[in-house]
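Overview (structure and organization)
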Amino acid sequence: MTDEPMETPVPEESTAEPSGYVPEGEAGAEDAEAPLDEKASAGSPVVNAKVAELQELVDERTSDLQRLHAEYANYKKRVDRDRALSRQGGVEAVVLDLLPVLDSVEAAREHAELVGGFKLVADELEKICAKYGLETFGEIGEEFDPQIHEALMQLPHEGEVTVPTISAVMQRGVKLNERVLRPARVGVANPDE
């Protein structure tokens with residue numbers, strides 16, 4: 001025999017729980033984790049019918065809630081759109097009422113009569129109108145566009161023109177946020193044929 005000492009096996013500590021052992025606070029945990037369908041299938045037909053009835057009720061309520069949410073979203077969009085249109089209509093009405101005043105300011109500017117305190121008032125008025133999207137158009141030398149210009153007469157233009165061109169401006173046009181409120185009234189020079 002060998003002189004080596006013989007090792008005796010040492011029993012290992014078992015980490016496994018004894019069968020049937022349920023730690024505190026976890027009693028019935030297996031039942032809670034089991035899906036509803038498994039519980040119902042293990043139950044009686046009365047339980048199955050009740051579960052199906054409740055599931056149908058949940059589906060119906062969920063459908064109603066989704067429909068109500070979609071209706072509210074559409075209502076909110078419609079109210080926001082109507083509010084924006086009402087605001088735009090109000091701004092447009094005020095600007096239309098102010099057009100004669102703005103025309104008078106422009107005429108005073110052309111005749112060099114816009115001086116002193118009145119010039120400051122006129123500049124502030126034009127600044128506020130520009131803030132709300134008001135712009136004027138119709139300059140001599142621009143190409144004539146029948147969509148935004150109104151031709152009152154045909155006038156010669158200094159120099160050669162290759163397309164119908166504005167040669168005189170009787171009244172400037174007005175746009176509010178790219179919408180034409182008043183077309184520019186102009187004289188047009190046509191190209192020589």
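Anyway, here's the lowdown on the structure attached to this text. (Residues numbered from 1 in each chain as written. Predicted model: local features only at pLDDT ≥ 70, side-chain atom pairs only at ≥ 80, totals over all residues. Heavy atoms only, no water.)

Here's the deal with the nonpolar core
Where we set the bar: Here, the term nonpolar core denotes a set of buried Ala, Val, Leu, Ile, Met, Phe, Trp, Tyr and Cys residues that are joined through side-chain atoms within 4.5 Å. Burial classification: accessible surface area is computed with a 1.4 Å probe over protein chains only, and a residue below 20% of its type maximum counts as buried, one above 50% as exposed, and the rest as partly exposed. What counts as a helix is a DSSP run of H or I of at least four residues, what counts as a strand is a run of E of at least two, and both are numbered from the N terminus. Whether two residues are in contact is decided by their heavy atoms, any of which lying within 4.5 Å being enough.
Within the largest apolar cluster, nine residues are counted, these being V91, V95, L99, L102, C129, L134, V174, L176 and L181. Those elements that place two or more of their residues in this core are α3 (45-110) and β4 (173-176). Tallying contributions element by element places α3 first for this core, with four residues. With residues up to four places along the chain from it excluded, the contact list for V95 reads L134, L176 and L181.

Some thoughts on the sheet that holds strand β1 (residues 134-137)
The line we're drawing: Here the rule is simple: two strands pair whenever DSSP picks up at least two bridges between them. To get an axis, a line is fitted to the C-alpha atoms, and for a helix only the part in contact is used. The angle between two axes follows their N-to-C directions and goes from 0 to 180 degrees.
If you walk across this open sheet you meet the three strands as β1-β4-β5, and the pairing is antiparallel. Of all strands in the sheet, those bounded by a partner on one side alone are β1 and β5 (179-182). Across the sheet, the axes of successive neighbouring strands diverge by a mean angle of 35°, strand direction being ignored. Here β1 runs beside β4; their pairing, made up of four bridges, is antiparallel. Its bridge partner being in β4, E135 is matched across the sheet by K175.

Digging into the side chain of K175
Stated precisely, the cut-off is as follows: When charges are counted, Lys and Arg contribute as positive and Asp and Glu as negative, whereas His and the chain ends are disregarded. We count a salt bridge whenever a side-chain nitrogen from Lys or Arg sits within 4 Å of a carboxyl oxygen from Asp or Glu.
When you line up the elements, K175 lands in strand β4. Buried charge without a salt bridge: K175, with E178 as the nearest opposite-charge side chain at an N-O distance of 4.2 Å. If near-sequence neighbours (up to four positions away) are discounted, K175 is found in contact with G133, L134, E135, F137, V180 and L181.

Comments concerning the packing of α3 against helix α4 (residues 116-131)
We apply this condition: Geometric relationships in this document are graded by angle, where less than 35 degrees denotes roughly parallel, more than 145 denotes roughly antiparallel, 65 to 115 denotes roughly perpendicular, and other angles denote oblique. By definition, any crossing whose near helix is turned counterclockwise from its far helix by less than a right angle is left-handed, and any crossing with a clockwise turn is right-handed. By the convention adopted, Pro, Cys, Tyr, Trp, Phe, Met, Ile, Leu, Val and Ala count as nonpolar, Lys, Arg, Asp and Glu as charged, and the other residues, Gly among them, as polar.
Put simply, α3 and α4 touch, their axes get as near as 11 Å, and they point 130° apart. Relative to α4, the element α3 is oriented oblique. In the packing of α3 onto α4, the handedness of the crossing is left-handed. Within the contact between the two elements, α3 uses L98, V101, L102, V105 and R109 and α4 uses F118, A122, D123, L125, E126 and C129. Considered class by class, the residues forming the contact of α3 with α4 number eight nonpolar, no polar and three charged.

Focus: α3
The line we're drawing: Multiplying one less than the number of residues by 1.5 Å gives the expected span of a helix. Here the bend at a residue means the angle between the axes of two seven-residue stretches, the one that ends at it and the one that starts at it.
Under the 1.5 Å per step criterion, the end-to-end length of α3 is 94 Å for 66 residues, consistent within 8% with the ideal 98 Å. Along α3, the sharpest kink reaches roughly 40°, centred on L98 and followed within four residues by the proline P100. When α3 is considered as a whole, its buried residues turn out to be V91, E92, V95, L99, L102, V105 and A108. Phi turns positive one or two residues past the end of α3, at A112, with a value near 60°.

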